[in-house]
Amino acid sequence: MPSFSEKLKHFDTQSSVSNEFRVRTAQGAAFSVTTLIAILYLIYTELVYNLSASVRDRVHVNATSPAGLELEFDVTFPSVPCALLSVDANDPTGQPQSMHIDREHHVWKHRMDKSGRMIGKRGKFELGNTLQSETHLKDTLKEAGLGGPSEEGHDDHFQDEHDDHLHDDEANEEACGSCYGAGEEGDCCQTCDDVKRMYTLKGWGLNNMAEIEQCKHTVTSEDEKGEGCNVHGIVALSTGGGNLHLAPSRDLENAGKKQLDFFASMQQLIENTFEQFNVSHTIHTFRFGPDYPGVIHQLDGKVHNIEDAYGMYQYYIQVVPTLYRYLNGTQQQSYQYSVTEHMRHVNPGSGRGLPGLFFFYEVSALHVEIEEYRRGWIHFFTGVCAVVGGVFTVMGVMDKIVFTKMNEKNHRGGVLAR
């Protein structure tokens, strides 16, 4: 009676062949080497594929909006002097929105010469006071032509403050800058923009800039003739939508008293503003929120040279809140966006607005979640088994076909196969 081991041999599907019956050939050796190389390469790719981080994403509607929208931008205007340029943001109704300027959020301007080289050091500047229509430009000229504040006794207060400031300048070099009567008790005006802002809040006209210590070294557009300007900022915008725009400043020197006699008519002032504000620009950086792996900022590196100076360049941006989850469990709240663009031609006197660069944005109700993950060791070993078995099978079939064909050829030639 056969033993159990003898019975078990009937189920052997991996029967071995004795060495004396094996036939070794050169093409068989070549197939063996190829098999080994192919298996090692495919195991390596399986290792990388299964143990490297991959991402999967999903889209859902979120009923809540993010608390704030941080924007970093870096834009160069090769044909617009810094003195003529201002930055502001409006909500969808056209009302100014706060950009939450603080220690982390600033906007800088840096003068550039015709060859694109930076001049001097960059400087922070006050936001707002942009001119977006011819009506704004006319109002600015009228305000400048009225000549001085209407508040009784303001001129005397200005002179007293100015004299005191000059007398104490050396002794209080590091002290709080004077606001020349426009600030409340404890307010400091360290820059010319600070003084301008205080006067604007009071509703006063500022016609004595030459006597204000902070404004004595302010560069005017006449000093910057033929120059360009680089504007770089980090601001916090409202998630309710709106626009960020770079447009002619309401502080245009052309609206000052010295320039009133230069322009024979309001139309000449408007045409001069159009001529000086060529919206040719280069966007070096434009991104919402912090970066995360794989993010694409579509506007980075965008260059537009506008032959027609009478233009309002508009970008329409759809901002999509994005949550990125890393393998270690940490997560990063950021944004990605899509953009379309349009060049709007505006002519002096048309009433269609003034030249400028506008970024209209809207925050989408759709939210994207991107998650990193690994397929793991189980997938890896499953792939290795498939690789090893598949390569051995394919190479074995190819070796058998080649061996058979060569045998048939040798037999037809009357030569023993092996």
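Everything quoted here is computed from the prediction, not taken from an experiment.

A.B. asks: Can you walk me through the overall build of the protein chain in this structure?
C.D. replies: If you tally the helices and strands in the protein chain, you get eight helices and 13 strands. Looking at the protein chain alone, contacts between residues at least 24 apart form 77% of all its contacts between residues at least 6 apart. Counting only carbon and sulfur atoms, one obtains 53% of the accessible surface of the protein chain, whose full area is about 24500 Å².

A.B. asks: Quick question: what am I supposed to make of the packing of aromatic side chains here?
C.D. replies: Aromatic ring pairs are defined here through the distance separating the ring centres and the angle between the ring planes. Enumeration over the complete set of coordinates arrives at 14 aromatic pairs. Residues Phe288 and Tyr361 carry aromatic rings whose centres are separated by 6.5 Å and whose planes lie at 50° to one another, so their mutual orientation is tilted. One end of the pair, Phe288, is in strand β8 (residues 281-288); the other, Tyr361, is in strand β12 (residues 356-363), and 73 residues separate them in sequence. Here Phe288 and Tyr361 have matching classes, each one buried. Each ring, one from Tyr313 and one from Tyr315, has its centre 5.2 Å from the other, and the planes form 45°; the classification is tilted. The residue whose ring lies beneath Arg375 is Tyr49, and the NZ or CZ to ring-centre distance is 3.8 Å.

A.B. asks: I'm lost on the state of the cysteines in this one. Help?
C.D. replies: Working definition: the covalent bond between the sulfur atoms of two cysteines is a disulfide. Considering all chains together, one arrives at one disulfide under this definition. Shown here is the disulfide that connects Cys82 with Cys229, its sulfur atoms set 2.1 Å apart. For the disulfide bridge between Cys82 and Cys229, the dihedral angle about the S-S bond is near 100°, and by the sign convention the bridge is right-handed. Note that Cys82 is positioned in the loop between β2 (69-77) and β3 (85-90) and Cys229 in strand β6 (residues 228-237), a separation of 147 residues in sequence. In this structure, Cys82 and Cys229 share a single accessibility class: buried.

A.B. asks: Where do I start with the confidence of the model for the protein chain in this structure?
C.D. replies: One rule of thumb: low pLDDT means the predicted coordinates there are not for detailed reading. Of all residues in the protein chain, 68% attain a pLDDT of 70 or more, and the chain-wide mean is 75. Within the protein chain, β8 carries the highest mean pLDDT (94), whereas helix α6 (residues 257-260) carries the lowest (42). Across residues 146-174, where pLDDT falls below 50, the model places 33 contacts with residues more than four positions away in sequence or in other chains. Confidence drops under pLDDT 50 across residues 253-268; counting only partners more than four residues distant or on other chains, this segment forms 27 contacts.

A.B. asks: Quick question: what am I supposed to make of the pattern of salt bridges here?
C.D. replies: Side-chain pairs of opposite charge can arise where the charged atoms are in close proximity. Counted under the stated rule, the structure contains eight salt bridges. Residues Arg287 and Asp300 are paired through a salt bridge, measuring 2.7 Å at the closest nitrogen-oxygen approach. In this pair, Arg287 sits in strand β8 while Asp300 sits in the loop between β8 and β9 (302-304), placing the two residues 13 residues apart along the sequence. By relative accessible area, which is 17% here, Arg287 ends up buried. Close ionic contact of Glu369 with Arg325 constitutes a salt bridge, the shortest N to O distance being 2.9 Å.

A.B. asks: Hey, could you run me through the nonpolar core in this one?
C.D. replies: General note: in soluble globular proteins, nonpolar side chains tend to be found buried as a group. Residues Phe73, Phe286, Phe288, Ile317 and Phe359 are the most contacted members of the largest nonpolar core, which totals 36 residues. At the level of elements, β2, β3, β6, β7 (242-248), β8, β10 (311-325), β11 (331-345) and β12 are the ones that each hand at least two residues to this core. With five residues, β2 is the single largest residue contributor to this core. Not counting the four nearest positions on each side in its chain, Ile317 is found in contact with Phe286, Phe288, Leu299, Tyr337, Ser338, Val339, Phe359, Phe360, Tyr361 and Glu362.

A.B. asks: Help me understand helix α2 (residues 26-51) in this model?
C.D. replies: Think of an α-helix as 3.6 residues a turn; residues three or four steps apart then line up on the same face. When the terminal C-alpha atoms of α2 are compared, their 38 Å separation across 26 residues agrees well with the 38 Å that a helix rising 1.5 Å per residue should span. As for α2, its buried residues are in contact with α8 (377-412).

A.B. asks: Any chance you could explain the environment of Glu72 here in plain terms?
C.D. replies: Mapped onto the fold, Glu72 is located in strand β2. Note on Glu72: relative accessible area 27%, which makes it partly exposed. Along the sequence, Glu72 and Thr285 sit 213 residues apart, while their C-alpha atoms lie 7.0 Å from each other. In this view, Glu72 contacts His232, Gly233, Ile234, Thr285, Phe286 and Arg287; residues no more than four positions away in its chain are not counted.

A.B. asks: When you look at the pairing of β3 in this model, what are you seeing that I'm missing?
C.D. replies: Look at any regular strand and the pattern is simple: side chains alternate between the two faces of the sheet. Of all six residues that make up β3, six are buried, and the element is covered over most of its length. The alternating pattern of β3 places Leu85, Val87 and Ala89 and Ser86, Asp88 and Asn90 on opposite faces, both of which are buried. Sheet topology note: the β3/β7 ladder contains six bridges and is antiparallel. In the sheet register, Val87 faces β7, and the bridge partner there is Leu246.

A.B. asks: What should I look at first to understand α8 in this one?
C.D. replies: In this model α8 runs 53 Å from its N-terminal to its C-terminal C-alpha over 36 residues, within 8% of the 52 Å that 1.5 Å per residue would give. For α8, the full list of buried residues reads Phe380, Gly383, Val384, Val387, Val391, Met395 and Asn407. In this structure, the buried residues of α8 make contact with α2.

Calculation criteria
- Residues numbered from 1 in each chain as written.
- Predicted model: local features only at pLDDT ≥ 70, side-chain atom pairs only at ≥ 80, totals over all residues.
- Heavy atoms only, no water.
- Helix = DSSP H or I, 4+ residues; strand = E, 2+ residues; numbered from the N terminus.
- Contact = heavy atoms within 4.5 Å.
- Areas by Shrake-Rupley, 256 points an atom, 1.4 Å probe, with all protein chains shown as cover.
- Phe/Tyr/Trp six-rings, centres within 6.5 Å; stacked < 30°, edge-to-face > 60°.
- Buried < 20%, exposed > 50% of the residue type's maximum accessible area, 1.4 Å probe, protein only.
- Lys NZ or Arg CZ within 6 Å of the ring centre and 35° of its normal.
- Disulfide = S-S within 2.5 Å.
- pLDDT = per-residue confidence, 0-100.
- Salt bridge = Lys/Arg side-chain N within 4 Å of Asp/Glu carboxyl O.
- Core = buried A, V, L, I, M, F, W, Y, C linked by side-chain atoms within 4.5 Å.
- Expected span 1.5 Å × (residues − 1).
- Pairing = 2+ DSSP bridges.

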